[in-house]
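Residue strings, one per chain:
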Amino acid sequence: MSKSLDKEVELFSSSIAEDSQLYLYDLWGSAAHSRMLEKIGLLTSHEGYSLRQGLRAIKQEIEEGRIAFSGFEDIHSLIEARLRELQGEVGEKLHTARSRNDQIVLDEKLFLREEIINIVERIHNLQKALLAKAQENLTLVMPGFTHLQPAQPVLFAHHLLAYFSMTKRDVARLMDNLERVNTLPLGAGALAGTSIPIDRFYVAKLLAFPSVQDNSMDVVSDRDFILEFLGNVALLFIHLSRMGEEIVLWSSPAFHFIEIDDSFTTGSSIMPQKKNPDVAELIRGKTGEVISSWISLATTLKGLPLTYNRDLQQDKPPLFRSIKEVKASLRIAARLIENIRPIKEEMEKALRDGFLTATDFCEYLVTKGVPFRKAHQMVGELVKQLASRGASFRELTPSDLSPFSDFLDQDFIPYLEEKTSVERKASFGSSSPWEIERQLREATQWIAEQEEAINSLRKEWHESFERVLMRESAE
Ligand code: ARG
């Protein structure tokens, strides 16, 4: 190149404001690369040591705020330039058989695999809050809804555990995503690989990647592992948003099923009586931003020819934005659940108003040999009559029940009570107290197993970081 870069172009094309967050991963990956170059004889052990000494010094300088990021195109250029300044000519050897095109993917993968674990850990904390709230309210019955119309009595704990089940799948999706993140990209070079006999499997071992990506052109072209992650986070956020929506509804005086602690609500600057559920609303509100992150990267990727194109640099803003939002929302969502108190009397009032045990009545008739469709029609008629005179099942008279007289026994009365309605539920996954206890037990055990798996990954990665970058003489 004959001319130096136009200042405005430099500013326009720089990604350092974003990718400076990746400095630790760039240093860690560079240290592994230097150890591999040493192993294949391209660096002496003295040169390798000197490079890593420089990388450690840069780590310290960054952490002490002694490095100005501005003026560099990206974190890779900054670290390489500083290495040259600190360690002299050997600094120019580090980039052998490496390109920023594979380097950035490595940094992103090292970063993202840890963030996936961090997010999963926060999902577990939210789940623990849900389980604790369910455990505290094991026998509390509330109306369950379909079409937002009162439908059947359910346990409040059952409703909370529905969010456990959703977020359990979110964890499964993220852990599956991790398998595709946790595979080594480095060694692809710019796009075609290299004539230098590098040992990618050795680098994978050093960095605790269980496998090596097998097509160099794919490595530098694709960001599917990020797009997949953004899709998974968007879906997780959709679950959080629905939970937020329910908290908004339940805390509204129109429902009044829960009270949110004062420390988690805000007042109005004009209406003194207001207690607003802002935290739940904001979780719901931030969902759009995260969904749009997926759309943003999908749009960036969709028309790109192989292999690397600078457009790919735009993967970072949506990635970092989503991680920041999801971590903050998960944390506050767990605390929000801790700060809600169900209001039993209001739930009971709502249960009384809506003929919620009409289905139980039908099921009773079925046990007495009435075909379900017929039972449905008979109970429907009864409900219509009662409603027309403003009565509930509690005000049933013998004449209301006369069409049923052939089928009713002494055991009929409890069938209309909401509490016994949930107690009679017998199917797997239903709202019965025994089923909820089973779900709670299994959920607690599942979280413990997951936590163990996560801790062992975290330990493995931490050891790699220490062995590869921080310590010498480890081999
Ligand atoms: N900042 C770039 C990115 O994020 C790193 C790779 C740059 N490669 C290049 N040939 N300019 O994608």
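Keep in mind the model is a prediction, meaning the values are calculated, not measured.

Engineer: Could you give an account of the overall build of the protein chain, naming the residues involved and the relevant values?
Structural biologist: Looking only at helices and strands, one finds 18 helices and six strands in the protein chain. Compactness check: the protein chain gives a C-alpha radius of gyration of 30 Å against a globular reference of 23 Å for 475 residues, more than 25% above the reference. The 475 residues of the protein chain split such that 49% are buried. Residue pairs at least 24 apart in sequence account for 78% of intrachain contacts in the protein chain once pairs closer than 6 positions are excluded.

Engineer: Requested: an account of the site of the ligand, with residues and values cited.
Structural biologist: Taken together, the neighbourhood of the ligand is formed by Ser-15, Asp-19, Glu-73, Asp-74, His-76, Arg-100, Asn-101, Ile-104, Tyr-308, Arg-310, Gln-313 and Lys-316. Arg-100 places a side-chain nitrogen or oxygen 3.4 Å from a nitrogen atom of the ligand. The separation between a nitrogen atom of the ligand and a polar side-chain atom of Gln-313 is 2.9 Å. In isolation the ligand exposes 340 Å². Once the protein is present, 88% of that is buried. Of all the elements, helix H6 (residues 100–136) adds the most residues to the shell around the ligand, at three residues. Residue composition of the shell around the ligand, by class: two nonpolar, four polar and six charged.

Engineer: Can you break down the pairing of strand E2 (residues 149–155) residue by residue, with the values?
Structural biologist: When a strand is regular, its side chains alternate between the sheet's two faces. Pairing between strand E1 (residues 141–146) and E2: six bridges, direction antiparallel. Residue pairing in the sheet places Met-142 in a bridge with Val-154 of E2. What sits between the antiparallel neighbours E1 and E2 is a turn of two residues, in which His-147 has the positive phi angle 55 degrees.

Engineer: Residues and numbers for empty space enclosed by the protein, please.
Structural biologist: Tallying each qualifying case throughout the model produces four cavities of 30 Å³ or more. Approximately 50 Å³ is the volume attributed to the largest cavity. What lines the largest cavity is Leu-160, Tyr-163, Met-243, Glu-246, Ile-247, Trp-250, Ile-337 and Ile-340. Elements with a contribution of two residues or more to the lining of the largest cavity: helix H7 (156–181) and helix H10 (224–251). Of the residues in the lining of the largest cavity, the class split is seven nonpolar, no polar and one charged.

Engineer: Account for the side chain of Glu-115, naming residues and giving values.
Structural biologist: Structurally, Glu-115 is set in helix H6. Residue classification places Glu-115 among the buried positions, given a relative accessible area of 10%.

Engineer: Explain the pattern of salt bridges residue by residue, including any values.
Structural biologist: Going through the model one piece at a time under the given rule, you end up with 44 salt bridges. In this structure, Asp-262 and Lys-275 form a salt bridge, with 2.9 Å as the shortest nitrogen-oxygen distance. Of this pair, Asp-262 sits in the loop between strand E5 (258–260) and helix H11 (278–301) while Lys-275 sits in the loop between E5 and H11, and the two are 13 residues apart along the sequence. Lys-275 gets classed as partly exposed once you look at its relative accessible area, which sits at 37%. Between Arg-394 and Glu-418 there is a salt bridge, with its nearest N and O atoms 3.0 Å apart. With Arg-394 in the loop between helix H15 (372–388) and helix H16 (398–401) and Glu-418 in helix H17 (residues 418–424), this residue pair connects regions lying 24 residues apart in the sequence. The network of salt bridges with common partners includes Arg-35, Glu-38, Arg-52, Arg-56 and Glu-472.

Engineer: Any chance you could break down the nonpolar core for me, citing the residues and the numbers?
Structural biologist: Ranked by size, the top nonpolar core spans 118 residues in total, and within it Leu-112, Leu-126, Leu-184 and Phe-229 carry the most contacts. Those residues in contact with Leu-112, other than ones at most four positions away along the chain, are Val-181, Phe-225, Ile-226, Phe-229, Leu-319 and Ile-323. Within the second largest apolar cluster, 21 residues are counted, among which are Phe-355, Tyr-364, Val-370 and Ala-375.

Engineer: If you had to explain the environment of Ile-343 to someone new, which residues and values would you point to?
Structural biologist: Relative to the helices and strands, Ile-343 resides in the loop between strand E6 (340–342) and helix H13 (344–353). Ile-343 sits 85 residues away from Ile-258 along the chain, and the two C-alpha atoms are 5.3 Å apart. In this view, Ile-343 contacts His-256, Phe-257, Ile-258 and Glu-259; residues no more than four positions away in its chain are not counted.

Engineer: Summarise H6; cite the residues concerned and give the values.
Structural biologist: Taking 1.5 Å per residue, 37 residues should reach 54 Å; H6 reaches 54 Å between its end C-alpha atoms and fits that length. Measuring from the side-chain oxygen of the N-cap residue of H6 to the backbone nitrogen of Asn-101 gives 2.8 Å; that N-cap residue is Ser-99.

Engineer: Before we move on, can you summarise the layout of surface pockets with the specific residues and values?
Structural biologist: Taken as a whole, the largest pocket holds about 270 Å³ of empty space. Secondary structure elements with two or more residues in the lining of the largest pocket: H10 and E5. Element by element, the count of residues in the lining of the largest pocket is highest for E5, at three residues. Looking at the lining of the largest pocket residue by residue, the class counts come to five nonpolar, six polar and three charged. The volume enclosed by the second largest pocket comes to roughly 220 Å³. Forming the boundary of the second largest pocket are Thr-139, Leu-140, Val-141, Lys-344, Glu-348, Leu-351, Arg-352, Arg-394, Glu-417, Glu-418 and Lys-419. Taken together, the elements giving at least two residues each to the lining of the second largest pocket come down to H13 and H17. The element best represented in the lining of the second largest pocket is H13, accounting for four residues. Grouping the constituent residues of the lining of the second largest pocket by class yields three nonpolar, one polar and seven charged.

Conventions and cut-offs
Residues numbered from 1 in each chain as written. Predicted model: local features only at pLDDT ≥ 70, side-chain atom pairs only at ≥ 80, totals over all residues. Heavy atoms only, no water. Helix = DSSP H or I, 4+ residues; strand = E, 2+ residues; numbered from the N terminus. Rg over C-alpha atoms; globule rule 2.2 N^0.38 Å. Buried < 20%, exposed > 50% of the residue type's maximum accessible area, 1.4 Å probe, protein only. Contact = heavy atoms within 4.5 Å. Near = heavy atom within 4 Å. Polar contact = N/O pair within 3.5 Å; in protein donor to acceptor, adjacent residues only side chain to side chain. Areas by Shrake-Rupley, 256 points an atom, 1.4 Å probe, with all protein chains shown as cover. Nonpolar A, V, L, I, M, F, W, Y, C, P; charged D, E, K, R; others polar. Pairing = 2+ DSSP bridges. 1 Å grid on protein atoms, 1.4 Å probe; cavity = no way out; pocket = protein on both sides within 12 Å on 5 of 7 lines; lining within 4 Å. Points joined across faces, edges and corners; volume = space filled by probe spheres on them. Salt bridge = Lys/Arg side-chain N within 4 Å of Asp/Glu carboxyl O. Core = buried A, V, L, I, M, F, W, Y, C linked by side-chain atoms within 4.5 Å. Expected span 1.5 Å × (residues − 1).

Purely spatial values, then, with no claim about function.
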